[in-house]
Amino acid sequence: QVHLVESGGGSAQIGGSLRLSCVASGASFAAMSWWRRAPGKDRQFVAAFTFSDAGTYYGDAVRGRFTISGDVTKNTVDLQMNKLKPEDTAVYYCATRINGTQGFDDWGQGTQVTVSS
């Protein structure tokens, strides 16, 4: 059974930084990712990291401001969030893709990020 533990998040000022971390266990993972859901909005892709080639992928809203990194030996991903904007306020979720599967099927419980002046 896949188990995800998210940490980090909290509150930051506009232009500030926060860092999220996620640790996964219970399977062999191909990739880990971050998504977010703001109040009243659909879930939005933030970033993903593929363990086989250390590939990184970003959503348009965060590209150039956020950086995802991962460690395949520890099944962890970190999301460094810089130049935060009020529109980054959301619940952030970590999700995993197991080796041999296509989708991000297992999700963490989420961590709140709030950006304000």
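All of the points below concern the structure found in this document. (Residues numbered from 1 in each chain as written. Predicted model: local features only at pLDDT ≥ 70, side-chain atom pairs only at ≥ 80, totals over all residues. Heavy atoms only, no water.)

The subject of this paragraph is the nonpolar core. Trp34, Val46, Phe66, Leu79, Met81 and Tyr92 are the most contacted members of the largest nonpolar core, which totals 28 residues. Of all the secondary structure elements, the ones that give two or more residues to this core are β3 (18-25), β4 (29-37), β5 (44-50), β7 (66-71), β8 (76-81), β9 (90-98) and β11 (111-116). Among the elements that make up this core, the one with the highest residue count is β3 (four residues). Ala31, Trp35, Ala48 and Ala95 belong to the second largest nonpolar core, which has five residues in total. (Core = buried A, V, L, I, M, F, W, Y, C linked by side-chain atoms within 4.5 Å. Buried < 20%, exposed > 50% of the residue type's maximum accessible area, 1.4 Å probe, protein only. Helix = DSSP H or I, 4+ residues; strand = E, 2+ residues; numbered from the N terminus.)

All right, on to the pattern of salt bridges then. Within this structure, the stated rule accounts for four salt bridges. Between aspartate 88 and arginine 36 there is a salt bridge; the shortest N-O distance is 2.9 Å. Of this pair, aspartate 88 sits in the loop between β8 and β9 while arginine 36 is found in strand β4, placing the two residues 52 residues apart along the sequence. The burial state of aspartate 88 is the same as that of arginine 36; both residues are buried. Among the ionic contacts, a cluster of salt bridges with common partners joins Arg36, Arg65 and Asp88. (Salt bridge = Lys/Arg side-chain N within 4 Å of Asp/Glu carboxyl O.)

This paragraph deals with the packing of aromatic side chains. One pass over the structure, following the stated rule, counts four aromatic pairs. Measuring from centroid to centroid gives 6.3 Å for tryptophan 35 and phenylalanine 104, while their planes differ by 70 degrees, and the two rings are edge-to-face. Placement of the pair is tryptophan 35 in strand β4 and phenylalanine 104 in the loop between β9 and β10 (106-107), with a sequence separation of 69 residues. The exposure class of tryptophan 35 is buried, given its relative accessible area of 17%. Relative to phenylalanine 51, the ring of phenylalanine 49 lies with its centre 5.7 Å away and its plane at 65 degrees, an arrangement referred to as edge-to-face. (Phe/Tyr/Trp six-rings, centres within 6.5 Å; stacked < 30°, edge-to-face > 60°.)

A word on the pairing of β3. Covered by surrounding structure in β3 are Leu18, Leu20, Cys22 and Ala24 only, the residues Arg19, Ser21, Val23 and Ser25 on the alternate face being uncovered. Bridge analysis of strand β1 (residues 3-8) against β3 gives six bridges, and the strand direction is antiparallel. Across the sheet, the residue bridging to histidine 3 is serine 25, located in β3. Across six bridges, β3 lies against β8 in antiparallel orientation. Residue serine 21 lies in a different strand from β8, and its bridge partner there is aspartate 78. (Pairing = 2+ DSSP bridges.)

What follows deals with the sheet that holds β1. One open sheet accounts for four strands, arranged β1-β3-β8-β7; its pairing is antiparallel. Whereas interior strands pair on both sides, the edge strands pair on one side only; in this sheet they are β1 and β7. Averaged over all pairs of adjacent strands, the angle between their axes in this sheet comes to 15 degrees, without regard to strand direction. (Axes fitted to C-alpha atoms, helices over the stretch in contact; angles between N-to-C directions.)

Turning to the environment of lysine 83, a few remarks are in order. Among the structural elements, lysine 83 can be located in the loop between β8 and β9. Classification of lysine 83 as exposed rests on a relative accessible area of 56%. Once residues within four sequence positions are removed from consideration, lysine 83 is found in contact with Gly15, Gly16, Ser17, Arg65 and Asp88. (Contact = heavy atoms within 4.5 Å.)

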